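Each chain is listed here by its residues.
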Amino acid sequence: MTKILQTPDSPAGEPLSDYAISWIASLMCFAAMLGTPIYAYIADKYGRKIAVMCLLYPQAMSWALKLYPTTVTLTLSRIFGGIPAGGCFNVVPMYVKEISQDSIRGVLGSLLILSQNLGVLFMYVIGAYLDYYTVQWAMLGLPIVASVLMFKAPEAPAYLVKQGKIDEAIETVASLRGLDKSDKTVQDVVDWMKKEEEESNKTPDIPITSILIDKKWRRSIIIIFVVTTLYGFSGAFSITVYAFTLLSYAGADFEISPEVQSFSFPIVMISASFVLAFTIERAGRKPILVGAYIASAISFSVIATSFLIKNNGGSVPGWIPLSMMISCVFCFAGGIASIIFILIPEMFSFQICGKIMGVFVTYIWFIEFLQLLLYAPIRKLFGYDILFYLYATINLVSGVFTLIFIAETRGKTEQEVQNAINSKRLYKK
């Protein structure tokens, strides 16, 4: 919408400056940081289903405000859109994990990033070919329809057990698995949840500060802290944001319209998400994550070398840096971004998962903000080649760290994962 909002016929009444556009766009990350703890509290206090529904109403308000575009309303719309954006990557993985059986947990968890990528592609398409107001009306209907459909969705069984609604939890588990309420599998699942809740009730509610310093969780929290930091600075997010500038600098010799260029990256990300959905339960989380980081390190190194040759007067075929950028985006969408949001809820019990997710999703938003903030200064000081060699190094370190310290979580309970993390034999599945 930037090109529309900066034209003389801008829907805002006057063309918006680059500064105004930048300020409006950047507010989403700040708002998302605020939204993460808010939705973590709602999920723990009122339930996962209610938290998911509460994601939708601010989104509808965000699109409604854009129907009356001014600098003020556009700014407010980004705030209303950013708050649930922060909660989305906290609440949705938690809800999906708690309604899923172990054998399909990874596949369903990967749908979060797939859905995001489909949404990005959808916005690129309608934004390129439809007028401003048609886009807003089309998007306003989505959260409204979703909120109506969510009335039929079940509450997470683990939360029902936490509230003492055992019969309702049994009915929900039976419905989700297509089994009779009296089936032994259903009873075993609910009994396990009851046991977990009973153990949790033996101690008072644990504040987040106590969780972060508790020796029982310390190793896992340190590992996730390192993983999310490396994830935030992995570099692929910068490629998706600055793709056009990077392709222009690389001298990609392709006659492709800006619209088609903008479609290519979400299409690659969607393809990667489909590949992940079909492979994650077969290959496991850890091998895919290690492979994605190593492939990204190689791709970033090739891009950096291409830029270095260009800076020294040489020439590199444009398809080389372009294909390597596509490789980075593919690895990010089909491994790094998706698996991070699957790993975190699989590593912690449902009693503390909401608070842990809240802390780390907030931190991820902050790290992604820093990545974009530092991108331009580093590029100006040291050049594209040094910047991309830095990204390559970060991805290589990430791959080695994952190989050594991350335990496989596929098909395992939280306790089994914790036992693997706290043992010395982390390389075993």
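Just so we're clear, the structure is a prediction, and the values are computed from it rather than from any experiment.

**Brief notes about the packing of aromatic side chains**
1) Next: Counted according to the given criterion, the structure contains 11 aromatic pairs.
2) Next: Measuring from centroid to centroid gives 5.5 Å for phenylalanine 307 and phenylalanine 388, while their planes differ by 80 degrees, and the two rings are edge-to-face. With a gap of 81 residues between them, phenylalanine 307 in helix α15 (residues 285-311) and phenylalanine 388 in helix α18 (residues 384-405) connect regions that are remote in the sequence. With respect to class, phenylalanine 307 is no different from phenylalanine 388; both count as buried.

**Brief notes about the side chain of serine 234**
1) Next: With respect to the element layout, serine 234 can be found in the loop between α11 (215-232) and α12 (236-241).
2) Next: When residues no more than four places from it in sequence are discounted, the contact partners of serine 234 are Phe300, Phe332, Tyr391, Ile394 and Asn395.

**Quick word on a nonpolar patch on the surface**
1) Next: Among the surface-exposed residues, Ile294, Ile298, Leu396, Val400, Leu403, Ile404 and Phe405 lie close enough to one another that they form a single nonpolar patch of about 590 Å² accessible area.
2) Next: When residues of the nonpolar patch are traced back to their parent elements, those giving at least two are α15 and α18.
3) Next: With five residues, α18 is the single largest residue contributor to the nonpolar patch.
4) Next: In this structure, leucine 403 sits in helix α18.

**A few points about the confidence of the model for the chain**
1) Next: For the chain, the mean per-residue pLDDT works out to 81, and 88% of the residues sit at or above 70.
2) Next: Confidence, expressed as mean pLDDT per element, reaches its minimum in the chain at helix α13 (residues 243-250) with 67 and its maximum at helix α3 (residues 48-65) with 93.
3) Next: Residue range residues 424-429 is modelled with pLDDT below 50. Its contacts to residues more than four positions away, or to other chains, number 15 contacts.

**What about the pattern of salt bridges?**
1) Next: For the coordinates displayed, the defined rule picks out five salt bridges.
2) Next: Among the salt bridges present, the one from glutamate 281 reaches arginine 285, with a minimum N-O distance of 3.3 Å.
3) Next: The structure contains a network of salt bridges with shared partners spanning Asp44, Arg48 and Glu98.

**Here's the deal with helix α8 (residues 166-177)**
1) Next: Taking 1.5 Å per residue, 12 residues should reach 16 Å; α8 reaches 17 Å between its end C-alpha atoms and fits that length.
2) Next: Of the residues one or two after α8, glycine 178 is the one with positive phi, at around 65 degrees.

**Topic: the environment of valine 329**
1) Next: Mapped onto the elements of the fold, valine 329 is located in helix α16 (residues 319-347).
2) Next: Judged by its relative accessible area of 0%, valine 329 falls in the buried class.
3) Next: Between the C-alpha atom of valine 329 and that of isoleucine 239, which follows or precedes it by 90 residues, the distance is 7.5 Å.

**Here we look at the packing of α11 against α16**
1) Next: The interhelical angle for the contact between α11 and α16, taken along N-to-C directions, is 160 degrees, at an axis separation of 11 Å. Relative to α16, the element α11 is oriented roughly antiparallel. You can see that α11 and α16 cross each other, and the crossing is left-handed. Mapping the contact onto sequence places Trp217, Ser220, Ile224, Val227, Thr228 and Tyr231 in α11 and Phe332, Ile336, Ala337, Ile340, Phe341, Ile344 and Met347 in α16.
2) Next: Residues of the contact of α11 with α16, tallied by class, amount to 11 nonpolar, two polar and no charged.

Reading guide: rules and limits
- Residues numbered from 1 in each chain as written.
- Predicted model: local features only at pLDDT ≥ 70, side-chain atom pairs only at ≥ 80, totals over all residues.
- Heavy atoms only, no water.
- Phe/Tyr/Trp six-rings, centres within 6.5 Å; stacked < 30°, edge-to-face > 60°.
- Helix = DSSP H or I, 4+ residues; strand = E, 2+ residues; numbered from the N terminus.
- Buried < 20%, exposed > 50% of the residue type's maximum accessible area, 1.4 Å probe, protein only.
- Contact = heavy atoms within 4.5 Å.
- Patch = residues over 30% accessible without salt bridge, like charges linked within 9 Å, V, L, I, M, F, W, Y side chains within 5 Å.
- Areas by Shrake-Rupley, 256 points an atom, 1.4 Å probe, with all protein chains shown as cover.
- Salt bridge = Lys/Arg side-chain N within 4 Å of Asp/Glu carboxyl O.
- pLDDT = per-residue confidence, 0-100.
- Expected span 1.5 Å × (residues − 1).
- Axes fitted to C-alpha atoms, helices over the stretch in contact; angles between N-to-C directions.
- Parallel < 35°, antiparallel > 145°, perpendicular 65-115°, else oblique.
- Left-handed = near helix turned anticlockwise from the far one by under 90°.
- Nonpolar A, V, L, I, M, F, W, Y, C, P; charged D, E, K, R; others polar.

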